[in-house]
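Observations on the model geometry
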Amino acid sequence: MQWFNVGKIVNTHGIHGEVRVISRTDFPDERYAVGNELSLFMPNEKKPIKLIVASHRRHKNFDLLTFEGHININDVEKYRDGILKVSEKQLGDLDEGEFYYHEIIGCTVNTNTGEEIGEVTEIIETGANDVWTVTPKSGKPHYIPYIDDVVKEIDIEKKQIIIEPMEGLLS
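This report concerns the structure included in the present document. On a predicted model such as this, the values are computed, not experimentally measured, just so you know.

Secondary structure assignment for the protein chain yields three helices and twelve strands. For 171 residues, the compact-globule formula gives about 16 Å, and the C-alpha radius of gyration of the protein chain, at 20 Å, lies well above that figure. Taken over the C-alpha atoms alone, the protein chain extends approximately 60 × 30 × 30 Å along its principal axes. For the protein chain, the exposed surface amounts to about 10400 Å²; the carbon and sulfur share of it is 47%. Charged side chains in the protein chain number 19 positive and 30 negative. The centres of these two groups are separated by 10 Å.

Counting residues in each nonpolar core, the largest one holds 17 residues, and the members touching the most others are Ile9, Leu38, Leu65, Phe67 and Leu84. Ranked by the residues each element gives to this core, the list is headed by strand 1 (residues 3-13), at three residues. The contacts of Phe67, once residues within four sequence positions are left out, are Ile9, Val19, Leu38, Leu51, Ile52, Val53, Ala54 and Leu84. In this structure, Ile104, Ile117, Ile123 and Ile163 belong to the second largest nonpolar core, which totals 14 residues.

Read from one edge of the open sheet, six strands run 10-9-8-7-12-11, paired in mixed fashion. For this open sheet the edge positions go to strand 10 (142-145) and strand 11 (151-155), each flanked by a neighbour on one side alone. This sheet shows a mean twist of 35 degrees between the axes of neighbouring strands, independent of strand direction. Here six bridges tie strand 8 (residues 116-125) to strand 9 (residues 130-135), and the two strands are oriented antiparallel to one another. Pairing of Glu119 across the sheet is with Thr135, part of strand 9.

Moving on: the environment of Glu77. Take Glu77: it is sitting in the loop between helix 2 (73-76) and strand 6 (83-87). Glu77 sits 70 residues away from Gly7 along the chain, and the two C-alpha atoms are 16 Å apart.

Applying the stated rule across the entire model yields two aromatic pairs. Ring geometry for Trp3 against Phe41: centres 5.1 Å apart, planes inclined by 70 degrees, an arrangement best described as edge-to-face. On the criterion of sequence distance, the pair formed by Trp3 in strand 1 and Phe41 in strand 3 (residues 37-41) is long-range, its members being 38 residues apart. A relative accessible area of 25% places Trp3 in the partly exposed class.

With that out of the way, let us pick up the sheet that holds strand 6. Ordered by their spatial adjacency, six strands build a closed barrel running 1-2-5-4-3-6, and the pairing between neighbours is antiparallel. Pairs of neighbouring strands in the sheet enclose a mean axial angle of 50 degrees, with direction left out of account. Summarising the sheet, strand 4 (residues 49-59) and strand 5 (residues 62-67) pair through six bridges and their orientation is antiparallel. Across the sheet, His59 pairs through a bridge with Phe62, a residue of strand 5.

Attention shifts here to the side chain of Thr25. Locating Thr25 in the fold gives a position in the loop between strand 2 (18-23) and helix 1 (28-31). Aside from chain neighbours lying at most four places away, what touches Thr25 is Val6, Arg31 and Tyr32.

Reading guide: rules and limits
- Every chain is numbered on its own, with residues counted from 1 as its sequence reads.
- Residues qualify for local features only when their pLDDT is at least 70, as the model is predicted, and side-chain atom pairs are given and counted only at 80 or more; totals for whole chains, interfaces and linings, by contrast, use all residues.
- To obtain the side-chain values, all non-hydrogen atoms of the structure were used and water was disregarded.
- In this description a helix means any DSSP run of H or I spanning at least four residues, a strand means any run of E spanning at least two, and both kinds are numbered starting from the N terminus.
- The size measure is the radius of gyration over C-alpha atoms, and the globule rule it meets is 2.2 Å times the number of residues to the 0.38 power.
- Here, Shrake-Rupley sampling with a 1.4 Å probe gives the accessible areas, and only protein chains in the shown set may cover a residue.
- Neither His nor the chain ends contribute to the count of charged residues, in which Lys and Arg are positive and Asp and Glu negative.
- Here the site of a charge means NZ on Lys, CZ on Arg, CG on Asp, or CD on Glu.
- Nonpolar cores were defined as sets of buried Ala, Val, Leu, Ile, Met, Phe, Trp, Tyr and Cys residues, with membership established by side-chain atoms within 4.5 Å.
- Between buried and exposed lies partly exposed: a residue is buried under 20% and exposed over 50% of the maximum accessible area for its type, with that area taken using a 1.4 Å probe on protein chains only.
- Contacts were defined at the residue level, with two residues in contact if any of their heavy atoms lie within 4.5 Å.
- At least two bridges found by DSSP between two strands is the condition for calling them paired.
- Note on definitions: angles span 0 to 180 degrees between N-to-C directions of axes, and those axes are lines fitted to C-alpha atoms, for helices only across the stretch in contact.
- Here a Phe, Tyr or Trp ring, Trp counted by its six-membered ring, pairs with any other such ring whose centre lies within 6.5 Å, and the pair is stacked when the planes are under 30 degrees apart, edge-to-face when over 60, and tilted otherwise.

Listed below in structure tokens is the structure:
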């Protein structure tokens, strides 16, 4: 089974079993919804700990969570530095034209004229739009903006992406 990181527990918050999480998900309200199951992976441990979300709220730059059966600080202190994950079967369906990062990373990028550019190795969030790092077999990486004017076709099944490069994009 494949697991996907949704956040890291960095500390406790107060004395009532609340933990401070640095979120790594674009869907915090869905992932941290009351009753949702999360799997906690602790450093140097192979088997995850199953946790059920009892409450969720935002505080400054953190998500604060409590879990069922964990009512005080002593119950959750041991979870510090743990990584919260969801399994692939818990991933929801996305709207048309939306993709999970793991679906895009590893895709081969070609121009609309058939020239192979390289493979998507990283996705950078810029705010306005994502930028894909496309690494060729040799040479320096290219940075491709994920915008309709450039990205023309994405085939997740074939791990293929077709782009129409703007002038100067690949220089």
